[in-house]
Amino acid sequence: MVNDAVHIAVREMKMGFRNPWSYSFMGLFGLFMLCLLLINNGGYVEGYSSITGTMLNLILYLLPLMTLMLGAFSLTGDKEDGSWELLSSYPLRTLSFILGKFAGLAVVLFVLVSFGFGLSAVMGWITGRGLDAHTYILLYGFSISLALMFLAVSFLIGTVAVNRWQALTVAVAVWFFAIIAWSPLLIAVLGMMPYGWIKPSISVLTLFNPAELSRVFAVVKLGGGSVLGPQYYDWVRWIRQPMGSAGYIIAILVWVGASTGLTHWLWERGRAR
C-alpha cells in the first residue's frame, strides 16, 4: 500500500510541476508578496499591522482558489482522460490512490508557497522592508495549513464533478462562499438569533469554514485579536493558551481526515459499481 501511494505521489508531482497553471499561480503569488513588501516604507514589520493584514487577505483570496482548482482538476482529469479506469484495473487500493495524490499535490503547493515567501524574504532582507522572523513563520504556517485544508476540500469537488468545467464551477462557488460571502451570510444569520446564542454560534460555525478558522488563528497569534470583536472573545482566549496551537493542528487533521475519508468512500462506491 505504501509503495503504491509513493508511486502515485511521484506521478502527481511530475504532473503538477509540468502544469502551466502551477507556474502561473507561483508567479502571481510571488509577485504580489514582493509588491506588498516594496510598498512598505516602515522598515521591518512585526506582529499584526496593515502590511501583515493585507498579506493575510491576499493569501486568503489567492491560495484557496489556486488549491481548489489544482486539486479538483487533478481528479477530474484522471476521470476524463481514462487514467483512473486504467489504474483501477490493477490491484491498486483506492486509499493508496487518494493518499498518493494528496501527498503529491501537497508537495507541489508547498513548493509554490515556499517560492513566494522565499522571494519576499530575500528581497525584504535586501531592501530592509521585510517582516521579522516570527511573523514570517506565522504567515508561512498559516498558508500551509490553509492549503492543506482546501486541498482536502478540492478532492471532494473533484470526486463529485464529472468533468473539468463542472469542477471549475463548483470550485469557484465554494471559494466564493468561503471567502467572499461568508461574512455577510454570517452577519445575516446571527442577526436573526437571540443575543445569547451569538457567541456559541460563531464558535461552532467558524469550525466549518477552514478559511475563517485559519484567519482567526493567524490574527490572534499575530497579536491582533482585538480587531475581531467581542464575539470572538472565546476564540482569542483559547488560541492564546499554551495548547492553542496544538488544538489548531488537531482541527487541521480533523478537516483533512474527514474530507479525504469521505473522498475515499465516494470513490470506493464508484469503483464498486
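An unreviewed UniProt entry annotates the protein chain as ABC transporter permease originating from Paenibacillus glucanolyticus.

Q: Where do I start with the nonpolar core in this structure?
A: The biggest cluster of nonpolar side chains holds 74 residues, and the ones touching the most others in it are Phe117 and Leu146. Broken down by element, this core gets its largest block of residues, 16 residues, from helix α3 (residues 50-80).

Q: Help me understand the UniProt feature "transmembrane region" (unreviewed entry) in the protein chain in this model?
A: Sequence positions flagged by UniProt for "transmembrane region" (unreviewed entry) are, in local numbering, residues 20-39, 51-75, 95-125, 137-162, 168-192 and 245-267. Between the first and last C-alpha atoms of residues 51-75 the distance is 36 Å; the span itself is 100% helix and 0% strand.

Q: Honestly, helix α8 (residues 182-191) in this entry has me stumped. Any pointers?
A: Two residues of an α-helix separated by three or four positions point the same way, owing to the 3.6 residues in each turn. Along α8, the residues that are buried comprise Trp182, Leu186 and Leu190. With its buried residues spanning 55° around the axis, α8 presents them on a single face. More than 90 degrees from the buried face of α8, the exposed residues found are Pro184, Ile187 and Gly191. Close packing links the buried residues of α8 with α7 (164-180), α9 (195-207) and α10 (210-221).

Q: How do you make sense of the pattern of salt bridges when you look at a structure like this?
A: Should the charged atoms of two oppositely charged side chains come close, the side chains can pair. Within this structure, the stated rule accounts for two salt bridges. A salt bridge links lysine 101 to glutamate 12; its shortest N-O distance comes to 2.5 Å. With lysine 101 in helix α5 (residues 94-127) and glutamate 12 in helix α1 (residues 2-18), this pair connects stretches of sequence that are 89 residues apart. Glutamate 12 shares its class with lysine 101; the two are buried. Across the pair glutamate 212 and arginine 215 runs a salt bridge whose closest N-O atoms are separated by 2.8 Å. Of this pair, glutamate 212 and arginine 215 both sit in helix α10, separated by three residues, roughly a single helical turn.

Q: Is there a simple way to think about a nonpolar patch on the surface in this case?
A: A cluster of nonpolar side chains, namely Tyr61, Phe176 and Ile180, defines an oily patch on the protein surface of about 280 Å² accessible area. Mapped onto the elements, phenylalanine 176 comes out in helix α7.

Q: Sorry, what's going on with the environment of phenylalanine 142 here?
A: Along the chain, the position of phenylalanine 142 falls in helix α6 (residues 133-160). Under the relative-accessibility criterion, phenylalanine 142 is labelled buried at 3%. Expressed as a C-alpha distance, the spacing of phenylalanine 142 and alanine 211, which sit 69 residues apart in the sequence, is 9.9 Å. With near-sequence residues (within four places) excluded, phenylalanine 142 lies in contact with Leu56, Ile59, Leu60, Ser214, Arg215 and Ala218.

Definitions and limits used
- Residues numbered from 1 in each chain as written.
- Predicted model: local features only at pLDDT ≥ 70, side-chain atom pairs only at ≥ 80, totals over all residues.
- Heavy atoms only, no water.
- Core = buried A, V, L, I, M, F, W, Y, C linked by side-chain atoms within 4.5 Å.
- Buried < 20%, exposed > 50% of the residue type's maximum accessible area, 1.4 Å probe, protein only.
- Helix = DSSP H or I, 4+ residues; strand = E, 2+ residues; numbered from the N terminus.
- UniProt positions renumbered as here; feature names shortened; annotations may be inferred.
- Arc of directions from axis to C-beta.
- Contact = heavy atoms within 4.5 Å.
- Salt bridge = Lys/Arg side-chain N within 4 Å of Asp/Glu carboxyl O.
- Patch = residues over 30% accessible without salt bridge, like charges linked within 9 Å, V, L, I, M, F, W, Y side chains within 5 Å.
- Areas by Shrake-Rupley, 256 points an atom, 1.4 Å probe, with all protein chains shown as cover.

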